[in-house]
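Here are the chains, one letter per residue:
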Amino acid sequence: MRLPALEPANAPEKSRELLTDIIARNGSAGTMVSTMAHSPALLQGYLDLSRALKRVKLPRALSEKISLAAQEWIGCGTCLAAHTEAARANGVSDSDIVLARQGTAVDPREAALIGFAVRVLAEPSGISDDDVAGLRAHGWSDRVIADVVGVVSLNLLTGAFNLVAGIQPARPNGA
């Protein structure tokens, strides 16, 4: 890893408080969160955004498909592995995981939203009134459209951080 994970004792004061609380509640903080502790502002921002986005108006399976599409584009293997596991836990089939990583879905309504998410990540300046109108025509609300921007933003934050920090996915035994 380029940036080492920090134990609470070695973290800046605000990060120490946050890590101690996370460990007390969950038993551990995880590599990414412990590494984000180098920056108390980043760690606090990540935790706040992550908590807030648990209230998005998207079904969890669809949110995971959006995350898979975003992480495929970003190229974070750690995030891809985590979102693949979460997608499966939320009933997403292997074939739907493959499609999501390609930025699409079998269902045209979901495909429109997933494709939009990739464009939010890759070319936000190219999104037009017609693009938003197309999502509305598929029945997506303005709240969902806004929520997608949040989900994509969180994925960019985590994926970019993991790549910069050098956090790699765990290798299976013997690999």
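In case you missed it, the structure is sitting above this.
Since the model is a prediction, treat every value here as computed from it, not as a measurement. (Residues numbered from 1 in each chain as written. Predicted model: local features only at pLDDT ≥ 70, side-chain atom pairs only at ≥ 80, totals over all residues. Heavy atoms only, no water.)

Evaluated as defined, the whole model comprises zero disulfides. Summary of cysteine pairing: C76 is not part of a disulfide, and the nearest cysteine sulfur, belonging to C79, is at 3.2 Å. Since its relative accessible area comes to 1%, C76 is described here as buried. (Disulfide = S-S within 2.5 Å. Buried < 20%, exposed > 50% of the residue type's maximum accessible area, 1.4 Å probe, protein only.)

Turning our eyes to something else, we now look at the pattern of salt bridges. One pass over the structure, following the stated rule, counts 11 salt bridges. Of the charged contacts in the structure, one is a salt bridge between R25 and D21, with a shortest N-O distance of 3.1 Å. Here D21 and R25 lie together in helix α1 (residues 13-26), a separation of four residues that amounts to about one turn. On the accessibility criterion, D21 (38% relative accessible area) is partly exposed. For R119, the salt bridge is made with D131, and the minimal N-O distance between the two is 3.0 Å. On the criterion of sequence distance, the pair formed by R119 in helix α7 (residues 108-122) and D131 in helix α8 (residues 129-137) is long-range, its members being 12 residues apart. Given a relative accessible area of 24%, R119 falls into the partly exposed group. We classify D131 as partly exposed; its relative accessible area is 24%. Overlapping salt bridges bring together R119, E123 and D131 as one network. (Salt bridge = Lys/Arg side-chain N within 4 Å of Asp/Glu carboxyl O. Helix = DSSP H or I, 4+ residues; strand = E, 2+ residues; numbered from the N terminus.)

The next point concerns the packing of aromatic side chains. Inspection of every chain in the model, using the stated rule, returns zero aromatic pairs. Taking NZ or CZ as reference, R109 lies 3.7 Å from the ring centre of W140, over its face. (Phe/Tyr/Trp six-rings, centres within 6.5 Å; stacked < 30°, edge-to-face > 60°. Lys NZ or Arg CZ within 6 Å of the ring centre and 35° of its normal.)

In terms of nonpolar packing, the biggest core is built from 42 residues, with V33, L43, L58, I66, L113 and V148 touching the most fellow members. Within the residue set of this core, elements represented by two or more residues are α1, α2 (31-36), α3 (40-52), α4 (60-74), α7, α8 and α9 (142-165). Setting aside anything within four residues of it in sequence, one finds V33 in contact with L19, I22, L43 and Y46. Residues L68, L80, V92 and A100 belong to the second largest nonpolar core, which totals six residues. (Core = buried A, V, L, I, M, F, W, Y, C linked by side-chain atoms within 4.5 Å. Contact = heavy atoms within 4.5 Å.)

With that settled, consider the packing of helix α5 (residues 77-89) against helix α6 (residues 94-101). For the pair α5 and α6, interaxial distance at closest approach is 10 Å and the crossing angle is 140°. With respect to their mutual orientation, α5 and α6 come out oblique. Helix-helix and strand crossings are classified by hand; for α5 and α6 the assignment is right-handed. Contacts between α5 and α6 pair L80, T84, A87 and R88 from the former with D94, I97 and R101 from the latter. Classifying every residue of the contact of α5 with α6 gives three nonpolar, one polar and three charged. (Axes fitted to C-alpha atoms, helices over the stretch in contact; angles between N-to-C directions. Parallel < 35°, antiparallel > 145°, perpendicular 65-115°, else oblique. Left-handed = near helix turned anticlockwise from the far one by under 90°. Nonpolar A, V, L, I, M, F, W, Y, C, P; charged D, E, K, R; others polar.)

Bringing the side chain of N162 into the picture now. By the secondary structure assignment, N162 is in helix α9. With a relative accessible area of 2%, N162 lands in the buried category. In contact with N162, other than residues within four places in its own chain, are M32, C76, T78, C79 and I167.

Structurally, I66 can be placed in helix α4. Sequence separation between I66 and Y46 is 20 residues, and the spatial gap between their C-alpha atoms is 18 Å. Non-local contacts of I66, meaning those with residues more than four positions away in its chain, are made with L58, L113, I114, A117, V148, V151 and V152.

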